[in-house]
Amino acid sequence: MAALFTGSRVLHTSSDEHGHPMPESTAKICRICGDEIGLQENGEAFVACNECGFPVCRPCYDYERSDGHQTCPQCHTRYKRHRGCPKADGDEEEAYYNDFEDQIELKNHHDYTPDPTHHSESKFSQHQIHINGDAVPSVAGSVAGKDFEGEKESTDNEEWKDRMEKWKSRQEKRGLVTKTGDGGNDKNDDDDDDFLIAEARQPLWRKVPIPSRLISPYRIVIVVRFVILCFFFHFRILTPAQDAYPLWIISVICEIWFGLSWILDQFPKWAPINRETYLDRLSLRFEREGEPDRLAPVDFFVSSVDPLKEPPIITANTILSILAVDYPVDKVSCYLSDDGASMLLFDALSETAEFARRWVPFCKKYSVEPRAPEFYFSEKMDYLKDKVQPTFVKDRRAMKREYEEFKVRINALVAKAQKKPEEGWVMQDGTPWPGNNTRDHPGMIQVYLGSEGALDIEGKELPRLVYVSREKRPGYQHHKKAGAENALVRVSAVLTNAPFILNLDCDHYLNNSKAVREAMCFLMDPQIGKKLCYVQFPQRFDGIDRHDRYANRNVVFFDINMKGLDGIQGPVYVGTGCVFNRQALYGYDPPASEKRPKMTCDCWPSWCCCCCGGGSRKSKGGKKKGLKSLLGIGKLYSKNKKKMMGKHYTRKSSAAAFDLEEIEEGLEGYDELEKSSLMSQKNFEKRFGMSPVFIASTLMEDGGFPEGNNPSSLIKEAIHVISCGYEEKTEWGKEIGWIYGSVTEDILSGFKMHCRGWKSVYCTPKRAAFKGSAPINLSDRLHQVLRWALGSVEIFFSRHCPLWYGFGGKLKWLQRLSYINTVVYPFTSIALLAYCTLPAVCLLTGKFIVPTLNNLASVWFIALFLSIIVTGVLELRWSGVSIEDWWRNEQFWVIGGVSAHLFAVFQGLLKVLAGVDTNFTVTSKSADDAEFGELYLFKWTTLLIPPTTLIILNMVGVVAGVADAINNGYGSWGPLFGKLFFAFWVIVHLYPFLKGLMGRQNRTPTIVVLWSILLASIFSLVWVRIDPFLPKQTGPILKQCGVEC
């Protein structure tokens, strides 16, 4: 017997003397559609591929032969024709069966009756075969005559007639065949059921590659640009500027660094893809009528720190949009992490839970979008569109009034919280608020709503809402947001233990109520779902000015870079709008893919194979396996083997692997091997902490709890797992959960998962899944970018740097390039600052970094500029990004590079070398009452100094250069144009910064002020040079001799 490990199942197949798998009568599950594999006419299990035995059902096998690639998804061997299977293209070359004999046997064989429904499904279902991790879409079309070529002579068979009738009814439903008869109602109902079943068997998503007419020229230009860049560097290095040697060396070093940065940024975008989801098929497969829904539960995480900088009304809108999500109520739980232990947020959440009893049924009754009331009522749109209920207008007005009253109550709480009493806050029952000291308070949990909470106004159940504030004590390291997220992971595992987690910032609300369903199309897919660590959604923002002055939307990153990464191993985790597989957060490896058995030659004796090394490997594996069993870290109920941190752990998919009481009370009733295996489970406490309930939950792959849990005791256990000392001497933050060591814990956590071999998916639904707020003020925006860059610098100096970490893992090399670019981009600021200073130096000194160009050198310069432009144009074509968004991104790359990124590098060096830690400030989430009021608000910060200095230097350089050219005559204007172009390149890129620096201009645009200063300075110098009001001397110039005469 040979065992094939496939995810959480162990499939046993028998083998013949040559090692080929033989069918067995045990029931198996199809790895393509998830249905049970049927039996053949001889009573044995159906085996599609005789080479590797990859489990595929008969309908999927028939479909793959007729409309697919005709190969096994695992070993890629061409499917051979089975008895009774229609003939397909290429079968005449196999000569596997005689068609005439098959037809005779099919007519005379009375024991075997093929299922017409299954065959019909195989003809008209749409499948997607994944080969080596890549999805190959195959779309079922209309049935051609050759599909039935192998059965033309058997049309008198009853089975053939039934199948033809099924096919005709299916075509009638699609409108491809005219209906000729009325038929019975029962038959039509059966056809409807068959059609729904066939639709449910189709893939939940498909990969949409970029059209070749768009992507092929893009790739060609990338290669051409790389070649041109090599020749350009060849010229620059071998042709120094002798009169400006220091300037030439600095410029060449900067250009080489820019070239390397371009390679790191460009090549991960080599194979971008799009994805489509099919929500109707998800419902047909997991929400069938008359059956309990089988959609997976989801735990929502919302994190907040300071309710004064993150207004409670915004957090309340996020919570309300989650509670009203279009998903089964009993499958949704929302956890709010209050890391500031604020009574203001606690009271606001209580008000939110009360208002949700009215808001949630209103949203579900009228299917409103978005389901955050603040943004729904303020949206400038026709809210009556597609609304047919006559009571909608009345209910909407009443709900809007209810929401305004709710806002007033929240505003009253905020006004009350502005001044803290000397004795501290007191709760309604008269007890002091436990979080009066935000740095020294116990853990707090409050459960709202849910199955045991209040119902909505229609008497229906609401999703569970839980307030969590983890314990904080002096002397403990709490790890900011990453620590808060890990506390939520443990609390949710104890209370609900959903297999999937969706984390959001407090200012990111659900703009699309079906966003969770979009993610489930990937995470519940039988083919790739178990191998996905998370599904990342793009970030979209509200309240940004029309021109997006500071590139807050970050469209280039989310619509170009992330789609490129999706074609490799998956997008990076960006901190919010992400649905996690809980098992990936626990540090487990993804399920190992089944590998094709090693083929041996039948012409050599078996002892020859042993001499070639086959036997030695087997014996070595046997010794290794026996050693693990003796050490107690081998197979424990060997159902589901996972790897974590280089050591093997096992867990069962639907129940705890051991009884916790037996571990605590003793090991009676076990033999020595079982006892050693159970003792090895003590290692879980060193990994996950001293909580038997939480450890049991980590072994539940599909969520849920072991039997016999007392709900009242779970709250006590939840309090225990959020204690400040729980993570000590465990792997939390090192290999489990959100990883510590950087303020950008999102990048680091996603990187660790990808190194273990997990894949991620980028989901971009037509309606944006989530929307949030972004800082539109210049200073706030620069501080936000500073925090991101500082996190990248911290990762660069840590052991998790992609330059050297995880080379023994499963990270793809293009994915590694993208992560390297993520951590080294702040260092580009040094080269960028030097390069932006060079134009001013050249203009002031009269030197230039490039010597006099010959014809060939001019060609390389022109070709390089053209390749840069063409690359950008083709990138915009396949991505759909507007040229304005692309240009804003280029401008802010320079602005952030010479300010925030530069400070991040020095702060990172101070932290590593001197141990000086810098605390980041929480970005303000509120705006002024006036539209885009904060856009024009000036806030002084040291980050403004370097860009301001660069603008002044280049403006002075332009004036000095023009004045020098006027003084020296027409011969000096030629070399001046290259220097002026260089200087204007810097000024144009820093122009949005200059606008923010000048603040609001009532009537005079900033560009007018800029040109006025430049032209006035130049005109003044020219005026002084010409001196029009002084008479010119015609005689000899008289000079004072210096002697008194």
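Calculation rules
Residues numbered from 1 in each chain as written. Predicted model: local features only at pLDDT ≥ 70, side-chain atom pairs only at ≥ 80, totals over all residues. Heavy atoms only, no water. Helix = DSSP H or I, 4+ residues; strand = E, 2+ residues; numbered from the N terminus. Expected span 1.5 Å × (residues − 1). Buried < 20%, exposed > 50% of the residue type's maximum accessible area, 1.4 Å probe, protein only. Phe/Tyr/Trp six-rings, centres within 6.5 Å; stacked < 30°, edge-to-face > 60°. Lys NZ or Arg CZ within 6 Å of the ring centre and 35° of its normal. Contact = heavy atoms within 4.5 Å. Salt bridge = Lys/Arg side-chain N within 4 Å of Asp/Glu carboxyl O. Core = buried A, V, L, I, M, F, W, Y, C linked by side-chain atoms within 4.5 Å. Pairing = 2+ DSSP bridges. Bend = angle between axes of the 7 residues up to and from the residue.

Visitor: Sorry if this is basic, but what is going on with helix α30 (residues 883-897) here?
Guide: Helix length check: α30 (15 residues) gives 21 Å between terminal C-alpha atoms against 21 Å at 1.5 Å per residue, within 8%. All of the buried residues in α30 are Arg888, Gln891, Phe892, Val894, Ile895, Gly896 and Gly897.

Visitor: Would you explain the packing of aromatic side chains in this entry?
Guide: The geometry of an aromatic ring pair is captured by two quantities: the separation of the ring centres and the angle between the planes. Counted by the stated rule, this structure contains 49 aromatic pairs. Note on phenylalanine 346 and tyrosine 467: the rings are 5.2 Å apart at their centroids and 80 degrees apart in plane angle, and the pair reads as edge-to-face. Placement of the pair is phenylalanine 346 in helix α11 (residues 343-366) and tyrosine 467 in strand β13 (residues 464-469), with a sequence separation of 121 residues. Of the two residues examined, phenylalanine 346 and tyrosine 467, each falls in the buried class. Seen from their ring centres, phenylalanine 751 and tyrosine 805 are 5.8 Å apart, and the 55 degrees between their planes marks the pair as tilted. One end of the pair, phenylalanine 751, is in helix α25 (residues 745-755); the other, tyrosine 805, is in the loop between α26 (778-796) and α27 (813-824), with 54 residues separating them in the sequence. Each member of the pair phenylalanine 751 and tyrosine 805 is classed as buried. Following the ring pairs from residue to residue traces out a cluster consisting of Phe355, Trp359, Phe362, Tyr366, Tyr376, Phe377, Phe392, Tyr403 and Phe406. Stacked on the ring of tryptophan 732, the Lys or Arg arginine 490 has its end atom at 4.9 Å from the ring centre. Lying over the aromatic face of phenylalanine 807, arginine 816 brings its terminal NZ or CZ to 3.8 Å of the ring centre.

Visitor: What am I meant to see in unusual backbone geometry here?
Guide: Residues other than glycine predominantly adopt negative phi, and peptide bonds predominantly adopt the trans conformation. The omega torsion of the bond from glutamate 369 to proline 370 falls at -10 degrees, within 30 degrees of zero and hence cis. The phi dihedral of asparagine 497 is positive, around 55 degrees, even though this residue is not glycine. Within the chain, asparagine 554 stands out as a residue other than glycine whose phi angle is a positive 55 degrees. Mapped onto the elements of the fold, asparagine 554 is located in the loop between β17 (540-542) and α16 (555-566).

Visitor: What is the right way to read the environment of arginine 888 from this model?
Guide: By the secondary structure assignment, arginine 888 is in helix α30. Given a relative accessible area of 17%, arginine 888 falls into the buried group. Sequence separation between arginine 888 and asparagine 554 is 334 residues; the distance between their C-alpha atoms is 9.0 Å. Aside from chain neighbours lying at most four places away, what touches arginine 888 is His547, Asp548, Arg549, Ala551 and Pro992.

Visitor: How should the side chain of serine 337 be read in this particular structure?
Guide: Within the secondary structure, serine 337 is located in strand β11 (residues 332-338). Setting aside residues up to four positions removed in sequence, serine 337 forms contacts with Val302, Ser303, Ser304, Val468, Ala484 and Leu488.

Visitor: What am I meant to see in the pattern of salt bridges here?
Guide: In the structure shown here, the tally under the stated rule is 34 salt bridges. Across the pair glutamate 471 and arginine 473 runs a salt bridge, and its minimum N-O distance is 2.9 Å. Looking at glutamate 471, the relative accessible area reads 17%, which means it is buried. For arginine 473, a relative accessible area of 27% puts it in the partly exposed group. Its salt-bridge partner being arginine 490, residue glutamate 727 comes within 2.9 Å of it at the nearest N-O pair. Taken together, the positions of glutamate 727 in the loop between α24 (711-721) and α25 and arginine 490 in helix α14 (residues 480-495) put the pair 237 residues apart, joining distant regions of the chain. Across this residue pair, the class does not change: glutamate 727 and arginine 490 are buried. Linked through salt bridges whose partners overlap, the residues forming this network are Glu287, Asp326, Lys514 and Arg517.

Visitor: Looking at this structure, how should I read the side chain of glutamate 727?
Guide: Classification of glutamate 727 by relative accessible area gives buried; the value is 17%. If sequence neighbours within four positions are ignored, glutamate 727 has contacts with Asn486, Arg490, Trp732 and Tyr740.

Visitor: Would you take a moment to explain the nonpolar core for this structure?
Guide: Side chains that are nonpolar tend, in soluble globular proteins, to be buried together. Grouped together as the largest cluster of nonpolar side chains are 78 residues, with contacts concentrated most on Phe300, Trp359, Phe362, Leu465 and Met520. The dominant element in this core, judged by the number of residues it contributes, is α11, at 14 residues. Apart from residues lying up to four places away in sequence, phenylalanine 300 is in contact with Ile322, Val332, Ser333, Cys334, Tyr335, Leu502, Leu510 and Val516. One finds Val468, Val489, Ile501 and Tyr586 within the second-largest nonpolar core, a separate group that totals 67 residues.

Visitor: Before we go on, may I ask you to explain the pairing of strand β18 (residues 578-581) in this structure?
Guide: The side chains of a regular strand alternate, residue by residue, between the two faces of the sheet. Here β18 shows two buried faces, one formed by Cys578 and Phe580 and the other by Val579 and Asn581. Taken together, the four bridges between strand β14 (residues 500-505) and β18 define a ladder with antiparallel strand orientation. Each bridged residue has a counterpart across the sheet, and for isoleucine 501 the counterpart in β18 is phenylalanine 580. Pairing between strand β16 (residues 532-536) and β18: three bridges, direction antiparallel. Bridging across to β18, tyrosine 534 finds its partner in phenylalanine 580.

Visitor: What is the right way to read helix α28 (residues 828-845) from this model?
Guide: An α-helix turns once per 3.6 residues; consequently, residues spaced three or four apart project the same way. Across its 18 residues, α28 extends 26 Å between first and last C-alpha, which sits within 8% of the 26 Å expected from 1.5 Å per residue. Taken as a whole, α28 carries its principal kink of about 25 degrees at leucine 838; the proline proline 839 stands between one and four residues after it. Turning to α28, its buried residues number three or more, namely Thr828, Ser829, Ala831, Leu832, Tyr835, Cys836, Leu838, Pro839, Ala840, Cys842 and Leu843. Two residues or fewer after α28 comes glycine 846, characterised by a positive phi angle close to 80 degrees.

Visitor: In this structure, what is going on with the sheet that holds strand β15 (residues 509-510)? I would like to understand it.
Guide: Within a beta sheet, neighbouring strands are joined by backbone hydrogen bonds and run either parallel or antiparallel to one another. Read across the open sheet, the three strands follow the order β15-β22-β17; overall the sheet is mixed. With partners counted over all chains shown, the strands left at the sheet margins are β15 and β17, one partner each. The sheet contact formed by β15 and strand β22 (residues 770-773) spans two bridges and is antiparallel. Counted as the bridge partner of leucine 510 is phenylalanine 770 from β22.

Visitor: Would you mind showing me how to read the pairing of β22 here?
Guide: Judged by which residues are buried, β22 turns out to be one-sided: Phe770 and Gly772 face inward and are buried, whereas Lys771 and Ser773, on the alternate face, are not. With three bridges connecting them, β17 and β22 associate as parallel partners. Following the sheet pairing, aspartate 542 is matched in β22 by serine 773.

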